[in-house]
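Per-entry structural report
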Amino acid sequence: MILRKPVCTDTKREPNWLFFSPFFNQKSIKSFIKTTCLSLLLSSLCLFATSTPSALAGLPPGNAVTDGSALLRYSLPIDNPEIRKVQGDLEGISQWLRSKRWGPIKKNITKVERQLSKKRGAILASVSEAKQAEASTILDSIELGLEPLRAAANAEDKEAVWIERKKLLDQVGTVEELMVDGFPFEVPEEYSNLPQLKGRATVEFKTSKGDVTVVADGYSAPVTAGNFIDLVDKKFYDGMPFIRAEDFYVLQTGDPEGPEEGYIDPKTNEYRAIPMEILVKGDEEPIYGFTLEEIGQYMDEPILPFNSYGSLALARPGDDNNGGSSQFFFFLFEAELTPAGRNMLDGRYAVFGYTVKGKEVLRSLTQEDEIISARVVDGLENLTLPKS
């Protein structure tokens, strides 16, 4: 379980992490968890293998989405199956590319070309009139971009296919963002005293090992993401060390100097507590205050799952769903222990964003490293602060 760092008087501030029982050392615990989880997960896979979400119809069967940018695209609050089909066929190229199946890759390119030609009107119908000209221009660019993608596939140039595919998907994502019409739900009034992100924001971390870029998703987790973006904007994380770094598990930070384990609001001199916040697929607004397991929805899928390396989530005390604050962690995905779509953290902790650049930097960071600076480089206008 991901816990906040317990109070520690050690000047090096090295957390004494305990997993489930203080009588197990870390190695034995990992072995125990892995063996147990694999058994449970294999059973679970048998139960879920028969269904594939319609939004992922363009992907090869059984291919869980593990790319943070793709997860952000799929989590946008839009309902346009035509653009989702375009996205799905482009996303699906990645699976065929890994196995160098050039025939299916070319087939997907042709599918996208036909979809854009035949369904252009249906795609634009979901964009407001004021933004349709911009969306139409982007669609033109996507159609033109299919030619270099096809040329790369014909040349069986794997790297070029990756590059051209990413360019197209970035443009598809922009069209999808243009389809979002306002904020999709009302955040409960009881959280009006907390910052809220009514949209998305991009943050660039400069660390002692290099740069990392993340996108915080306020559409799915407005309170959790709002708290994070507010603290970044306050430069709260500048100079902050990583207090926990475990290969194939987590990289955690956000524990300030002194006895406090989270952010103390200088206006109230009180600890800012952030509630558990999980938006489930099919729901119109997030569930607050409970894990999915506690309310009997452990089989439901969060809109923002722990599928991707570098998933960004709020740390909290193991005994307090609503006790998170400034500490957060990057989930360092290990396929054997936590296979995409069937891991042990979904529904128990709240993801609020994904790493979109710098994953190789995350792999190199240790407890000897620190965040030099963190800056909001896009989307700060989506942050809503509490009224004084």
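This section reports on the structure supplied with the text. (Residues numbered from 1 in each chain as written. Predicted model: local features only at pLDDT ≥ 70, side-chain atom pairs only at ≥ 80, totals over all residues. Heavy atoms only, no water.)

Before going further, it helps to spend a moment on the overall build of the protein chain. A count of helical and extended segments in the protein chain gives 9 helices and 14 strands. The burial tally for the protein chain puts 52% of its 388 residues in the buried class. Put simply, of all contacts in the protein chain between residues at least 6 apart along the chain, 72% involve residues at least 24 apart. Accessible surface for the protein chain amounts to roughly 18600 Å². Of this, 51% is attributable to carbon and sulfur atoms. (Helix = DSSP H or I, 4+ residues; strand = E, 2+ residues; numbered from the N terminus. Buried < 20%, exposed > 50% of the residue type's maximum accessible area, 1.4 Å probe, protein only. Contact = heavy atoms within 4.5 Å. Areas by Shrake-Rupley, 256 points an atom, 1.4 Å probe, with all protein chains shown as cover.)

Attention shifts here to the sheet that holds strand S2 (residues 200-207). Spatially, 8 strands are ordered S2-S3-S12-S10-S11-S5-S4-S13 in a closed barrel, and the strand pairing comes out antiparallel. On average, adjacent strands in this sheet sit at an angle of 35 degrees to one another, irrespective of strand direction. Direction of pairing for strand S4 (residues 240-245) relative to strand S5 (residues 250-253): antiparallel, over a ladder of 3 bridges. If you follow Arg 244 over to S5, its bridge partner there is Gln 252. (Pairing = 2+ DSSP bridges. Axes fitted to C-alpha atoms, helices over the stretch in contact; angles between N-to-C directions.)

Within the largest apolar cluster, 61 residues are counted, with the highest numbers of intra-cluster contacts made by Val 203, Phe 205, Phe 228, Ile 229, Tyr 237, Phe 330 and Phe 352. In terms of residue count, the dominant contributor to this core is helix H8 (residues 222-233) (6 residues). Sequence-distant contacts of Phe 228, that is, excluding residues within four places in its chain, are made with Val 203, Phe 205, Val 214, Ala 216, Tyr 237, Leu 312, Phe 328 and Phe 352. One finds Val 112, Ala 135, Ala 153 and Val 175 within the second-largest nonpolar core, a separate group that totals 33 residues. (Core = buried A, V, L, I, M, F, W, Y, C linked by side-chain atoms within 4.5 Å.)

It is worth spelling out a negative patch on the surface at this point. A cluster of like negative charges, contributed by Asp 283, Glu 284, Glu 285 and Asp 300, occupies part of the molecular surface. One can find Asp 283 in the loop between strand S8 (277-278) and strand S9 (287-288). (Patch = residues over 30% accessible without salt bridge, like charges linked within 9 Å, V, L, I, M, F, W, Y side chains within 5 Å. Salt bridge = Lys/Arg side-chain N within 4 Å of Asp/Glu carboxyl O. Lys, Arg positive; Asp, Glu negative; His and termini not counted. Charge placed at Lys NZ, Arg CZ, Asp CG, Glu CD.)

Our focus in this paragraph is unusual backbone geometry. Non-glycine residue Lys 100 carries a positive phi angle of around 55 degrees. Despite not being glycine, Lys 235 shows a phi value in the positive range, around 65 degrees. Mapped onto the elements of the fold, Lys 235 is located in the loop between H8 and S4. We classify Lys 235 as partly exposed; its relative accessible area is 45%.

A few words on H8. Here H8 contains 12 residues, and its C-alpha end-to-end distance of 16 Å stays within 8% of the 16 Å for a straight helix at 1.5 Å per residue. Of all 12 residues in H8, 11 are buried; the element is thus mostly enclosed. (Expected span 1.5 Å × (residues − 1).)

Right, let's talk about helix H7 (residues 158-179) for a bit. With 22 residues, H7 ought to run about 32 Å at 1.5 Å a step, and its terminal C-alpha atoms sit 32 Å apart, in line with that. For H7, every residue scored as buried is listed here: Val 161, Glu 164, Arg 165, Leu 168, Leu 169, Gln 171, Val 172, Gly 173, Val 175, Glu 176, Leu 178 and Met 179. Looking at the buried positions of H7, the neighbouring elements they touch are helix H2 (68-74), helix H3 (81-98), helix H4 (102-118), helix H5 (120-124) and helix H6 (132-154). Its side-chain oxygen 3.4 Å from the backbone nitrogen of Glu 159, Asp 157 forms the N-cap of H7. (Polar contact = N/O pair within 3.5 Å; in protein donor to acceptor, adjacent residues only side chain to side chain.)

Attention now moves to the environment of Asp 230. Summarising the element assignment, Asp 230 is placed in helix H8. A C-alpha to C-alpha distance of 9.3 Å links Asp 230 and Val 376, two positions 146 residues apart in sequence. Those residues within four positions of Asp 230 in sequence are excluded, and the remaining contacts are Pro 195, Arg 272, Leu 383 and Leu 385.

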